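Architecture at a glance
If you want the building blocks of each chain, they are given just below.
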Amino acid sequence: MSEKELGKKWDRCLADGITKLGTGLGLGIVFSVLFFKRRTWPITLFSGAGLGMAYSNCQNDLRSHYLLHRKKKQEQ
Amino acid sequence: MAARIWPLVKLATKVTIAGGAVYVACDSGLLGSSEQGSEALEKAKAAVPPALEEWMKYFGLEAQRPTMPRIEFSPVNSWNAGVRWTISSLSDAPTRVSEYTSQGLQYIKDLVK
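Residues numbered from 1 in each chain as written. Chains lettered and ligands numbered in written order. Predicted model: local features only at pLDDT ≥ 70, side-chain atom pairs only at ≥ 80, totals over all residues. Heavy atoms only, no water.

**Here we look at the overall build of chain A**
The test is simple: The numbering of helices and of strands both runs from the N terminus, where a helix is a DSSP run of H or I of at least 4 residues and a strand a run of E of at least 2. Exposed residues in this analysis have more than 50% of their type's maximum accessible area, buried residues have under 20%, and partly exposed residues fall in between, with area computed by a 1.4 Å probe over protein chains only. By the convention used here, residues are in contact when the closest approach between their heavy atoms is within 4.5 Å. Accessible surface is estimated by sampling points in the Shrake-Rupley manner with a 1.4 Å probe; for residues, cover comes only from the protein chains shown.
A count of helical and extended segments in chain A gives three helices and zero strands. For chain A, the succession of helices and strands along the chain, N to C, is α-α-α. Residues classed as buried in chain A amount to 28% of the 76 residues present. Nonlocal contacts in chain A, meaning residues at least 24 apart in sequence, comprise 57% of its contacts between residues at least 6 apart. For chain A, the computed accessible surface area is about 5,600 Å², with 61% contributed by carbon and sulfur atoms.

**Quick word on the state of the cysteines**
Residue and element names in this part refer to chain A. Rule in force here: Cysteine sulfur atoms that pair up within 2.5 Å are treated as a disulfide.
According to the stated counting rule, one finds one disulfide over all chains in the structure shown. The disulfide partner of Cys13 is Cys58, and the S-S distance across this bridge is 2.0 Å. Disulfide Cys13-Cys58: torsion about the S-S bond near 100 degrees, hence right-handed. Here Cys58 lies in helix H2 (residues 41-63) and Cys13 lies in helix H1 (residues 3-35), a separation of 45 residues in the sequence.

**Looking at helix H3 (residues 75-112) of chain B**
Operational definition: For a helix, the expected span equals 1.5 Å multiplied by the residue count minus one. For a residue, the bend is simply the angle between two axes, fitted respectively to the seven-residue segment ending there and the seven-residue segment starting there.
The end-to-end C-alpha distance of H3(B) is 51 Å, a good match for the 56 Å that 38 residues give at a rise of 1.5 Å each. Along H3(B), the sharpest kink reaches roughly 45 degrees, centred on B:Ala93 and followed within four residues by the proline B:Pro94.

**Focus: the confidence of the model for chain B**
All names here are of chain B. Just so we agree on the cut-off: Each residue carries a pLDDT value, the predictor's own confidence for that position, ranging from 0 to 100.
Taken as a whole, chain B shows an average pLDDT of 84; of its residues, 91% reach a score of 70 or greater. Ranking the elements of chain B by mean pLDDT puts helix H2 (residues 34-59) last, at 79, and H3 first, at 92. Per the prediction output, this complex has pTM 0.63; the corresponding ipTM is 0.75.

**Re the pattern of salt bridges**
All names here are of chain A. This is how the line gets drawn: Any Lys or Arg side-chain nitrogen located within 4 Å of an Asp or Glu carboxyl oxygen qualifies as a salt bridge.
All told, the structure shown has five salt bridges over all chains when counted by the stated rule. Between Lys9 and Asp61 there is a salt bridge, and its shortest N-O distance comes to 3.6 Å. Residue Lys9 is found in helix H1, and its partner Asp61 is found in helix H2; the two are separated by 52 residues along the sequence. Using a relative accessible area of 6% as the deciding quantity, one classes Lys9 as buried.

**What to know about the side chain of A:Asp16**
For the record, the criterion: In protein, a polar contact requires one atom able to donate a hydrogen and another able to accept it; more generally it is a pair of N or O atoms within 3.5 Å, and residues adjacent in sequence count only if both atoms are side-chain atoms.
Mapped onto the secondary structure, A:Asp16 falls in helix H1. Reaching out from A:Asp16, the side chain makes a polar contact with the side chain of A:Lys20 at a distance of 2.8 Å. Setting aside residues no more than four positions away along its own chain, A:Asp16 makes contact with A:Ala54, A:Asn57, B:Ser33, B:Ser34 and B:Gly37.

**Observations concerning the UniProt feature "transmembrane region" (unreviewed entry) in chain A**
Inclusion rule: UniProt positions are given in the numbering used here, feature names are shortened, and annotations may be inferred rather than shown by experiment.
Here, UniProt's "transmembrane region" (unreviewed entry) annotation points to residues 18-36 of chain A. The span residues 18-36 of chain A shows a helical share of 95% and a strand share of 0%, and its end C-alpha atoms are spaced 25 Å apart.

**Considering the packing of H1(A) against H2(B)**
Convention followed: All axes here are fitted lines through C-alpha atoms, helices being fitted over the stretch that makes contact, and every angle between N-to-C directions spans 0 to 180 degrees. Angle categories are assigned with fixed cut-offs, so that under 35 degrees is roughly parallel, over 145 is roughly antiparallel, 65 to 115 is roughly perpendicular, and the rest are oblique. Charged residues are taken to be Asp, Glu, Lys and Arg, nonpolar residues to be Ala, Val, Leu, Ile, Met, Phe, Trp, Tyr, Cys and Pro, and polar residues to be all remaining types, Gly included.
Where H1(A) meets H2(B), the closest approach of the two axes is 8 Å, and the angle between their N-to-C directions is 70 degrees. Classified by the interaxial angle, the pair formed by H1(A) and H2(B) is roughly perpendicular. Contact residues: H1(A) offers A:Arg12, A:Ala15, A:Asp16 and A:Thr19, while H2(B) offers B:Ser34, B:Glu35, B:Gly37, B:Ser38 and B:Leu41. The class makeup of the residues in the contact of H1(A) with H2(B) is two nonpolar, four polar and three charged.

**A closer look at the interface of chain B and chain A**
For clarity, the cut-off: A quick way to say it: buried area is the sum, across both parts, of accessible area lost when two parts are put together, with a 1.4 Å probe.
Taken together, the contacts link 17 residues of chain B with 15 residues of chain A. Carbon and sulfur atoms supply 74% of the area buried between chain B and chain A, which totals about 1,400 Å² over both sides. In this assembly, chain B and chain A are joined by one salt bridge. Note that A:Arg12 is salt-bridged to B:Glu35, the shortest N-O span being 4.0 Å. Linking chain B to chain A there are four residue pairs in polar contact (both at pLDDT 80 or more). Elements represented by at least two residues in the side of chain B that touches chain A include exactly helix H1 (2-27) and H2 of chain B. It is H1(B) that provides the largest number of residues to the side of chain B that touches chain A, a total of eight residues. Split into classes, the residues belonging to the side of chain B that touches chain A amount to ten nonpolar, five polar and two charged.

Below, the structure is given as C-alpha coordinates:
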(Lines give C-alpha, C1' and ligand atoms only; values in the text may rest on other atoms or scores of the structure.)
Protein backbone atom coordinates (compact mmCIF):
# COMPACT_ATOMS: atom_id res chain seq x y z
CA MET A 1 0.00 0.00 0.00
CA SER A 2 1.45 3.38 -0.98
CA GLU A 3 1.76 6.17 1.55
CA LYS A 4 -0.77 8.28 -0.36
CA GLU A 5 -3.31 5.46 -0.28
CA LEU A 6 -2.68 4.92 3.43
CA GLY A 7 -3.12 8.63 4.09
CA LYS A 8 -6.45 8.62 2.24
CA LYS A 9 -7.61 5.62 4.28
CA TRP A 10 -6.76 7.38 7.53
CA ASP A 11 -8.59 10.51 6.35
CA ARG A 12 -11.64 8.38 5.56
CA CYS A 13 -11.38 6.74 8.99
CA LEU A 14 -11.31 10.10 10.75
CA ALA A 15 -14.24 11.48 8.72
CA ASP A 16 -16.22 8.30 9.28
CA GLY A 17 -15.49 8.43 13.02
CA ILE A 18 -16.73 11.99 13.31
CA THR A 19 -19.84 11.18 11.25
CA LYS A 20 -20.76 8.08 13.22
CA LEU A 21 -20.06 9.70 16.58
CA GLY A 22 -22.33 12.60 15.64
CA THR A 23 -25.04 10.27 14.35
CA GLY A 24 -24.85 8.15 17.51
CA LEU A 25 -25.03 11.26 19.65
CA GLY A 26 -28.07 12.52 17.74
CA LEU A 27 -29.91 9.22 17.88
CA GLY A 28 -28.99 8.85 21.56
CA ILE A 29 -30.47 12.26 22.32
CA VAL A 30 -33.65 11.37 20.42
CA PHE A 31 -34.09 8.05 22.24
CA SER A 32 -33.15 9.55 25.59
CA VAL A 33 -35.73 12.32 25.27
CA LEU A 34 -38.50 10.10 23.87
CA PHE A 35 -38.20 6.88 25.85
CA PHE A 36 -35.75 7.17 28.75
CA LYS A 37 -36.77 10.37 30.56
CA ARG A 38 -33.70 12.39 29.48
CA ARG A 39 -31.19 10.09 31.14
CA THR A 40 -27.54 10.17 30.05
CA TRP A 41 -26.89 6.48 29.47
CA PRO A 42 -28.68 6.14 26.07
CA ILE A 43 -26.61 9.04 24.74
CA THR A 44 -23.40 7.38 25.95
CA LEU A 45 -24.51 4.00 24.60
CA PHE A 46 -25.41 5.22 21.13
CA SER A 47 -22.28 7.41 20.85
CA GLY A 48 -20.15 4.45 21.87
CA ALA A 49 -21.91 2.22 19.36
CA GLY A 50 -21.26 4.80 16.62
CA LEU A 51 -17.57 4.97 17.53
CA GLY A 52 -17.38 1.18 17.55
CA MET A 53 -18.93 0.99 14.07
CA ALA A 54 -16.41 3.54 12.82
CA TYR A 55 -13.55 1.54 14.41
CA SER A 56 -14.77 -1.65 12.74
CA ASN A 57 -15.07 0.05 9.34
CA CYS A 58 -11.59 1.50 9.70
CA GLN A 59 -10.17 -1.89 10.64
CA ASN A 60 -11.76 -3.57 7.60
CA ASP A 61 -10.62 -0.76 5.32
CA LEU A 62 -7.01 -0.98 6.48
CA ARG A 63 -6.97 -4.80 6.30
CA SER A 64 -8.68 -5.01 2.88
CA HIS A 65 -5.41 -4.32 1.05
CA TYR A 66 -3.89 -7.56 2.37
CA LEU A 67 -6.88 -9.81 1.68
CA LEU A 68 -7.42 -11.77 -1.52
CA HIS A 69 -10.76 -10.58 -2.89
CA ARG A 70 -13.21 -12.92 -4.61
CA LYS A 71 -13.34 -10.94 -7.91
CA LYS A 72 -9.54 -11.06 -8.36
CA LYS A 73 -9.50 -14.77 -7.48
CA GLN A 74 -12.10 -15.48 -10.22
CA GLU A 75 -10.10 -13.47 -12.76
CA GLN A 76 -7.07 -15.62 -12.00
CA MET B 1 -62.23 5.23 25.98
CA ALA B 2 -60.15 8.28 25.10
CA ALA B 3 -58.16 7.88 28.32
CA ARG B 4 -57.19 4.35 27.26
CA ILE B 5 -56.25 5.30 23.71
CA TRP B 6 -54.18 8.40 24.59
CA PRO B 7 -51.13 6.52 26.02
CA LEU B 8 -51.17 4.28 22.92
CA VAL B 9 -51.25 7.32 20.66
CA LYS B 10 -48.34 8.87 22.59
CA LEU B 11 -46.33 5.66 22.30
CA ALA B 12 -47.11 5.34 18.59
CA THR B 13 -45.99 8.95 18.00
CA LYS B 14 -42.73 8.41 19.90
CA VAL B 15 -42.03 5.16 18.02
CA THR B 16 -42.74 6.91 14.70
CA ILE B 17 -40.36 9.78 15.49
CA ALA B 18 -37.59 7.46 16.73
CA GLY B 19 -38.08 5.07 13.81
CA GLY B 20 -38.01 7.98 11.36
CA ALA B 21 -34.76 9.26 12.85
CA VAL B 22 -33.15 5.81 12.54
CA TYR B 23 -34.47 5.44 8.96
CA VAL B 24 -33.09 8.85 7.92
CA ALA B 25 -29.71 8.00 9.48
CA CYS B 26 -29.53 4.64 7.67
CA ASP B 27 -30.89 5.93 4.36
CA SER B 28 -28.46 8.85 4.09
CA GLY B 29 -25.49 6.48 4.49
CA LEU B 30 -24.47 7.82 7.90
CA LEU B 31 -24.33 4.29 9.35
CA GLY B 32 -22.85 2.60 6.29
CA SER B 33 -19.27 2.06 5.11
CA SER B 34 -16.37 4.53 5.38
CA GLU B 35 -16.89 5.84 1.84
CA GLN B 36 -20.58 6.48 2.43
CA GLY B 37 -19.81 8.25 5.72
CA SER B 38 -17.22 10.55 4.18
CA GLU B 39 -19.57 11.25 1.22
CA ALA B 40 -22.32 12.23 3.67
CA LEU B 41 -19.88 14.52 5.51
CA GLU B 42 -18.84 16.20 2.23
CA LYS B 43 -22.53 16.74 1.33
CA ALA B 44 -23.18 18.27 4.75
CA LYS B 45 -20.12 20.55 4.44
CA ALA B 46 -21.33 21.71 1.03
CA ALA B 47 -24.89 22.29 2.26
CA VAL B 48 -24.10 24.22 5.47
CA PRO B 49 -22.85 27.60 4.09
CA PRO B 50 -25.83 28.23 1.71
CA ALA B 51 -28.28 27.15 4.45
CA LEU B 52 -26.52 29.44 6.96
CA GLU B 53 -26.62 32.32 4.48
CA GLU B 54 -30.34 31.82 3.90
CA TRP B 55 -31.06 31.81 7.62
CA MET B 56 -28.94 34.94 8.09
CA LYS B 57 -30.92 36.71 5.35
CA TYR B 58 -34.20 35.56 6.90
CA PHE B 59 -33.27 37.02 10.28
CA GLY B 60 -31.69 40.15 8.76
CA LEU B 61 -28.23 39.38 10.13
CA GLU B 62 -26.46 39.51 6.77
CA ALA B 63 -24.04 42.29 7.62
CA GLN B 64 -22.96 40.68 10.90
CA ARG B 65 -21.52 37.44 9.50
CA PRO B 66 -17.88 37.24 10.54
CA THR B 67 -15.44 36.17 7.80
CA MET B 68 -13.42 33.08 8.60
CA PRO B 69 -9.69 33.92 8.61
CA ARG B 70 -7.65 31.73 6.29
CA ILE B 71 -4.98 29.97 8.28
CA GLU B 72 -2.14 28.61 6.15
CA PHE B 73 -1.02 25.91 8.59
CA SER B 74 -0.57 22.28 7.80
CA PRO B 75 -0.11 20.02 10.84
CA VAL B 76 1.09 17.20 8.56
CA ASN B 77 3.88 19.33 7.06
CA SER B 78 4.88 20.65 10.49
CA TRP B 79 5.02 17.13 11.91
CA ASN B 80 7.07 15.84 8.97
CA ALA B 81 9.48 18.78 9.23
CA GLY B 82 9.87 18.07 12.96
CA VAL B 83 10.59 14.39 12.35
CA ARG B 84 13.19 15.23 9.65
CA TRP B 85 14.90 17.77 11.94
CA THR B 86 15.00 15.29 14.84
CA ILE B 87 16.46 12.46 12.76
CA SER B 88 19.07 14.67 11.07
CA SER B 89 20.08 16.07 14.49
CA LEU B 90 20.42 12.55 15.86
CA SER B 91 22.54 11.45 12.90
CA ASP B 92 24.81 14.52 13.22
CA ALA B 93 25.05 14.23 17.02
CA PRO B 94 28.13 11.94 17.30
CA THR B 95 30.17 14.08 14.88
CA ARG B 96 29.19 17.30 16.63
CA VAL B 97 29.84 15.90 20.10
CA SER B 98 33.37 14.79 19.10
CA GLU B 99 34.02 18.19 17.47
CA TYR B 100 32.88 20.12 20.53
CA THR B 101 34.81 17.77 22.82
CA SER B 102 38.04 18.25 20.86
CA GLN B 103 37.45 22.03 20.76
CA GLY B 104 36.85 22.04 24.53
CA LEU B 105 39.98 20.00 25.19
CA GLN B 106 42.03 22.29 22.96
CA TYR B 107 40.68 25.34 24.84
CA ILE B 108 41.57 23.81 28.20
CA LYS B 109 45.08 22.91 26.93
CA ASP B 110 45.54 26.51 25.77
CA LEU B 111 44.39 27.77 29.17
CA VAL B 112 46.76 25.46 30.99
CA LYS B 113 49.71 26.61 28.81
